[in-house]
Amino acid sequence: GILLVADCTGHGVPGAFLTLIVATALDRLIHERGLRDPAAILEALDGMVRTQLRQDGRGSESDDGLDCGLCVWDPAAAEIRFAGAGSALTTLEGAAVTRIRGAKRGLGYPQRPGERFAVEETRLRVAPGTTFYLMTDGITDQMGGTGPARRLLGHRGVTEILGNHQAAPLAEQVTILDAALTAYRGEETRRDDMTLV
């Protein structure tokens, strides 16, 4: 199975347009070309998005793209293969938190002539009791506190909340996290879309 979480730039019509480009490109890569290697999928998606947005050196004035985390689940090998671009995979196993970062740059953005976008794959053995999370930066970029104490919750704050409730069913974890994020923000408005898988 393939699981992908993507966070495209833009809102409204521009955001919807980019989402459509990404969905169409993924359909071609996975169903027509049969790609199953997570790094190869992201590298090909990067090129296809840049071409569609004319951000491949042909004088585009736009600067759009997406953060993306992709997992390929191999049940026969009990293994997850992960690749990310501007996105990370978080694992929780007991008190141990691991954050597997992808490439720093997201996909589809303009690049300098001769620059090549590369992504590395990470293989993870799946053991009972381990939970895997893909999330957009809308989850971690929660602003809370008052006055000089105002600060972003960050990845550490989010994983602390999840870690404190990892024995709960996954649906309940989502409810608990959502309530904790709302409480942390207080009077602050939510800054971004939030996706957690």
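Predicted, not measured: the structure shown is a model, and the values here were computed from it.

Let's shift gears to the nonpolar core. Residues V22, L45, V49, L66 and L107 are the most contacted members of the largest nonpolar core, which totals 27 residues. Those elements giving two or more residues to this core turn out to be α1 (12–32), α2 (38–52), β2 (66–74) and β3 (79–85). With 10 residues, the next largest nonpolar core counts I139, L162, L177 and L181 among its residues.

Pairing is antiparallel in the open sheet, where 4 strands are placed in the order β1-β2-β3-β6. Unpaired on one side and paired on the other, β1 (2–8) and β6 (122–125) mark the two borders of the sheet. Adjacent strand axes in the sheet meet at a mean angle of 15° when their direction is disregarded. Pairing of β1 with β2, which is carried by 7 bridges, proceeds in the antiparallel orientation. When the bridges of β2 are listed, D7 appears paired with D67. Running at roughly 155° to β1, α1 makes contact with β1 and β2 of the sheet.

Another point: the pattern of salt bridges. Side chains that carry opposite charge are capable of pairing whenever their charged atoms lie near each other. Per the counting criterion, the structure on display carries 7 salt bridges. In this structure, the salt-bridge partner of R81 is D37, at a minimum N-O distance of 2.9 Å. Here R81, found in strand β3, pairs with D37, found in the loop between α1 and α2; they are 44 residues apart in sequence, far enough to count as distant. In this structure R81 comes out as buried when scored by relative accessible area, which is 16%. A relative accessible area of 29% places D37 in the partly exposed class.

This next bit is on the pairing of β3. By the criterion of burial, β3 is predominantly enclosed, with 7 of the 7 residues buried. Covered by surrounding structure in β3 are E79, R81, A83 and A85 together with I80, F82 and G84, the residues of both alternating faces. Relative to β3, β2 runs antiparallel, the two sharing 7 bridges. Its bridge partner being in β3, G69 is matched across the sheet by G84. In sequence, β2 turns back onto β3 through a hairpin of 4 residues, with A78 there showing a positive phi of about 50°. Summarising the sheet, β3 and β6 pair through 4 bridges and their orientation is antiparallel. In the sheet register, R81 faces β6, and the bridge partner there is R123.

About the cut-offs
- Every chain's residues receive numbers from 1 upward, in the order its sequence appears when written.
- In keeping with the model being predicted, local features are shown solely for residues with a pLDDT of at least 70 and side-chain atom pairs are shown and tallied solely at 80 or more, while totals for entire chains, interfaces and linings include all residues.
- Side-chain metrics rest on all non-hydrogen atoms present in the structure, leaving aside hydrogens and water.
- Only buried residues count toward a nonpolar core, which is a set of Ala, Val, Leu, Ile, Met, Phe, Trp, Tyr and Cys residues joined through side-chain atoms within 4.5 Å.
- The buried label goes to any residue with under 20% of its type's maximum accessible area, the exposed label to any with over 50%, and the partly exposed label to all in between, with areas taken from a 1.4 Å probe on protein chains only.
- Under the DSSP-based scheme used, a helix requires at least four consecutive residues in state H or I and a strand at least two consecutive residues in state E, with every element numbered from the N terminus.
- A pair of strands is considered paired only if DSSP assigns at least 2 bridges between the two.
- The axes used here are C-alpha line fits, helices contributing only the stretch in contact, and every angle between their N-to-C directions lies in the interval 0 to 180 degrees.
- Any pair of residues with heavy atoms lying within 4.5 Å of one another is described as a contacting pair.
- Salt bridge, as used here, is a side-chain nitrogen of Lys or Arg placed within 4 Å of a carboxyl oxygen of Asp or Glu.

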